[in-house]
Amino acid sequence: MLSKLGVCSRSEAERRVRAGRVSVDGRCVRDPERPTDAARERIALDGVDVGGVPRVYLMLNKPRGLVVSAADERGRDTVYRLLEGSGLPWLGPVGRLDKASEGLLLMSNDTAWAAAITDPRTHLDKTYHVQMAGAPDAAALARMRTGILVDGERLAVKRAVVLRGGARNTWLEVVLDEGRNRHIRRLLQALGFETLRLVRVAIGPLALGTLPKGGWRRLAADEIAALAIPAPHAR
């Protein structure tokens, strides 16, 4: 419930509960799994009611080399370094970009909004610009669209077109409407190509635009609404 209210991550909430910092209706609770109804019970952290945490929605331009995590067990820099000193409440990443990837990353403490965006059943387009070694021919691009089996998973893209190319490398625009772990990198590797750079430039109608590397900004109300796609009900 603390995570759903946008107070902190689930793991951090568990630590705070076990440390005796959380109360429900004035009584200290140390069991993180205690059933809680935020509509009927008053939840407080360090004596402060958590029901009034404002919803925050932002986009940032993730540089290569940062991990998308609140903390990294190997001590690597994370995207939270970009938000230091901002005064923002706790925000969770909406989806992922691996350490070597760059570009548009959404962050919010509205977990319902985030879940709808990341739900694979919504098939929300994610657009990437990908620099690859070599030059794919029409057959390779067609195989990317029709899909191939990689480690037992069928990997395919919705769209793949050449943006520009030279003798040694090519830039593609690739659109996914689903995302598996290292989806594009694994697909290209299976086709015999090395991924040199991978930059996410859009999520649905929201484009990265001219946001500088390492920069962030809050989303406008119309941008938040444009991404608020209800997830289809499971059949």
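Residues numbered from 1 in each chain as written. Predicted model: local features only at pLDDT ≥ 70, side-chain atom pairs only at ≥ 80, totals over all residues. Heavy atoms only, no water.

**Student:** What am I meant to see in the environment of Thr210 here?
**Tutor:** By secondary structure assignment, the location of Thr210 is in the loop between β14 (206–207) and β15 (216–218). The exposed category is assigned to Thr210, whose relative accessible area is 81%. In this structure the C-alpha to C-alpha distance between Thr210 and Asn61, which are 149 residues apart in sequence, comes to 9.5 Å. (Helix = DSSP H or I, 4+ residues; strand = E, 2+ residues; numbered from the N terminus. Buried < 20%, exposed > 50% of the residue type's maximum accessible area, 1.4 Å probe, protein only.)

**Student:** How should the pairing of strand β13 (residues 195–203) be read in this particular structure?
**Tutor:** Regular strands place side chains that alternate from one sheet face to the opposite one. Among the nine residues that make up β13, seven are buried, leaving the element largely enclosed by the rest of the structure. Relative to β13, strand β8 (residues 126–133) is paired through seven bridges, and the arrangement is antiparallel. Note that in β13 the partner of His129 across the bridge is Val199. In the sheet, β13 pairs with β14 via two bridges, with the strands oriented antiparallel. Note on β14: the bridge partner recorded for Ala202 is Ala207. Remark: two residues form the turn of the hairpin made by β13 and β14, two consecutive strands paired antiparallel; Gly204 in that turn has positive phi of roughly 55°. (Pairing = 2+ DSSP bridges.)

**Student:** What am I meant to see in the pattern of salt bridges here?
**Tutor:** When the charged atoms of two side chains with opposite charge come close together, those side chains can pair. A complete count under the given rule lists 19 salt bridges for this structure. Of the charged contacts, one joins Arg197 and Glu102 as a salt bridge, the two residues approaching to 2.9 Å between their closest N and O atoms. One end of the pair, Arg197, is in strand β13; the other, Glu102, is in strand β7 (residues 102–108), and 95 residues separate them in sequence. Ionic pairing is found between Arg186 and Glu153, a salt bridge with its closest N-O pair at 2.9 Å. Remark: Glu153 occurs in strand β10 (residues 153–155) and Arg186 occurs in helix α4 (residues 183–190); sequence separation between them is 33 residues. Via salt bridges that share partners, Asp151, Glu153, Glu178, Arg180 and Arg186 belong to a single interconnected network. (Salt bridge = Lys/Arg side-chain N within 4 Å of Asp/Glu carboxyl O.)

**Student:** What should I look at first to understand helix α3 (residues 138–146) in this one?
**Tutor:** Because an α-helix packs 3.6 residues into every turn, residues spaced three or four apart end up facing the same way. Of all the residues in α3, the buried ones are Ala140, Leu141 and Met144. Down the axis, α3 shows its buried residues gathered within 100° of arc, on one side only. Across from the buried face of α3, at angles greater than 90 degrees, the exposed residues are Ala138 and Thr146. Once α3 finishes, Gly147 follows within two positions and takes phi at roughly 95°, a positive value. (Arc of directions from axis to C-beta.)

**Student:** How should the side chain of Arg200 be read in this particular structure?
**Tutor:** Among the secondary structure elements, Arg200 is positioned in strand β13. Buried and unpaired, Arg200 has no salt bridge, with Asp98 as the nearest side chain of opposite charge at 9.8 Å. Within polar-contact distance, the side chain of Arg200 engages the backbone oxygen of Leu104 at 2.8 Å. At 3.4 Å, the side chain of Arg200 and the side chain of Tyr128 are in polar contact. Those residues in contact with Arg200 that lie beyond four places of it in its chain are Arg96, Leu97, Glu102, Gly103, Leu104, Leu105, Lys126, Thr127, Tyr128 and Leu208. (Lys, Arg positive; Asp, Glu negative; His and termini not counted. Polar contact = N/O pair within 3.5 Å; in protein donor to acceptor, adjacent residues only side chain to side chain. Contact = heavy atoms within 4.5 Å.)

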